[in-house]
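Here's the letter readout for the chains.
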Amino acid sequence: MAAGTAIVTGAGTGVGRAVANALAKAGWRVALLGRREGLLQEVAHETGGLPLPCDVTDPAQVDAAFVRVAQEWGRLDLLFNNAGRGFKPATIDETPVEEWLDVVRVNLTGSFLCARAAFAQMRRQQPQGGRIINNGSVSAQAPRPGSVAYTATKHAITGLTKSLSLDGRPFDIAAGQIDIGNALTEMAQAMTVGVPQADGSIRAEATMDPDDVARTVLHMASLPLQANIPFVTVMATKMPLVGRG
């Protein structure tokens, strides 16, 4: 797909920031969604993007942000559904219900609300169509110890991606998922020190640059709508994902 109009959620930091920069450098107009306006303004300065402070768990705020993008640029060609949060490692019985509900609200309900708004815009615009890329994380494939809420939501993202891909066919809406492993963002700093392993040990893990993720998203976004990458994994080469269990 030729460069068009994109929305990136969780755009203020980490992978979202890297993706927003990559899209902007490739000629995309980028709307930046996130909770922290100051960080969005920084990314807007880097990218020339449109900062839109938004809580992705609030349906009214999400709908208003997507309407603003359509008013500003006339259409939406790409959603990178990236906003998410984790929780300190804990077994299920030690996971507070409030934390479970909050992780589900951000990671799953937030992704649903943004995909819903994107789908509606892509369906009714002319020419019809667009692409939705969900951030699944490698936790959509295999859990880390003590990650029940995060892992459950990321497995659910896979179902969301498959449903979007099927339901989007009549409207030229393509949906794909990128499962990311150990991109060195603020959230992943602990990887460089030591994190729990499946065998009970604590070990440091290999990491990769978030720009490597951004290049992968950019490639997915650049395909014509007649082609799609439904699932792709990009990870630090030496991280122990393949050996988990």
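The structure contained in this document is the topic of the report that follows. Quantities reported herein were computed from a predicted structural model and do not represent experimental measurements.

## Observations concerning the nonpolar core
Line of reasoning, step 1. Of all hydrophobic cores here, the largest spans 35 residues; its most connected members are Leu 23, Ile 178 and Val 213.
Line of reasoning, step 2. At the level of elements, β1 (5-9), α1 (14-25), β2 (29-34), α2 (37-47), β4 (78-81), β6 (173-181) and α6 (210-222) are the ones that each hand at least two residues to this core.
Line of reasoning, step 3. With seven residues, α1 is the largest single contributor of residues to this core.
Line of reasoning, step 4. Ignoring any residue separated from it by four or fewer positions in sequence, one finds Leu 23 in contact with Ala 6, Val 8, Trp 28, Val 30, Leu 78, Leu 218 and Ala 221.
Line of reasoning, step 5. Among the nonpolar cores identified, the runner-up in size contains 28 residues, and Met 122, Leu 160, Leu 164 and Phe 171 belong to it.

## Quick word on the pattern of salt bridges
Line of reasoning, step 1. The full count for this structure, using the stated rule, is 10 salt bridges.
Line of reasoning, step 2. A salt bridge links Glu 42 to Arg 17; the nearest nitrogen and oxygen atoms lie 3.2 Å apart. Here Glu 42, found in helix α2, pairs with Arg 17, found in helix α1; they are 25 residues apart in sequence, far enough to count as distant.
Line of reasoning, step 3. By relative accessible area, Glu 42 is classed as partly exposed at 41%.
Line of reasoning, step 4. Taking the shortest distance from any N to any O, the salt bridge between Arg 85 and Asp 102 comes out at 2.5 Å. Remark: Asp 102 occurs in helix α4 (residues 97-124) and Arg 85 occurs in the loop between β4 and α4; sequence separation between them is 17 residues.
Line of reasoning, step 5. Here Arg 85 falls in the partly exposed class, since its relative accessible area comes to 21%.
Line of reasoning, step 6. Take Asp 102: its relative accessible area is 25%, and that puts it in the partly exposed class.
Line of reasoning, step 7. Bridged by salt links that share partners, the residues Arg 85, Glu 99, Asp 102 and Arg 105 form one connected network.

## Quick word on the packing of aromatic side chains
Line of reasoning, step 1. Summed over the entire model, instances satisfying the criterion amount to one aromatic pair.
Line of reasoning, step 2. Here the aromatic rings of Phe 119 and Phe 171 are separated by 5.8 Å at their centres, their planes lie at 80°, and the arrangement is edge-to-face. Placement of the pair is Phe 119 in helix α4 and Phe 171 in the loop between α5 (148-167) and β6, with a sequence separation of 52 residues. Each member of the pair, Phe 119 as well as Phe 171, carries the same accessibility label: buried.

Quick notes on the rules
Residues numbered from 1 in each chain as written. Predicted model: local features only at pLDDT ≥ 70, side-chain atom pairs only at ≥ 80, totals over all residues. Heavy atoms only, no water. Core = buried A, V, L, I, M, F, W, Y, C linked by side-chain atoms within 4.5 Å. Buried < 20%, exposed > 50% of the residue type's maximum accessible area, 1.4 Å probe, protein only. Helix = DSSP H or I, 4+ residues; strand = E, 2+ residues; numbered from the N terminus. Contact = heavy atoms within 4.5 Å. Salt bridge = Lys/Arg side-chain N within 4 Å of Asp/Glu carboxyl O. Phe/Tyr/Trp six-rings, centres within 6.5 Å; stacked < 30°, edge-to-face > 60°.

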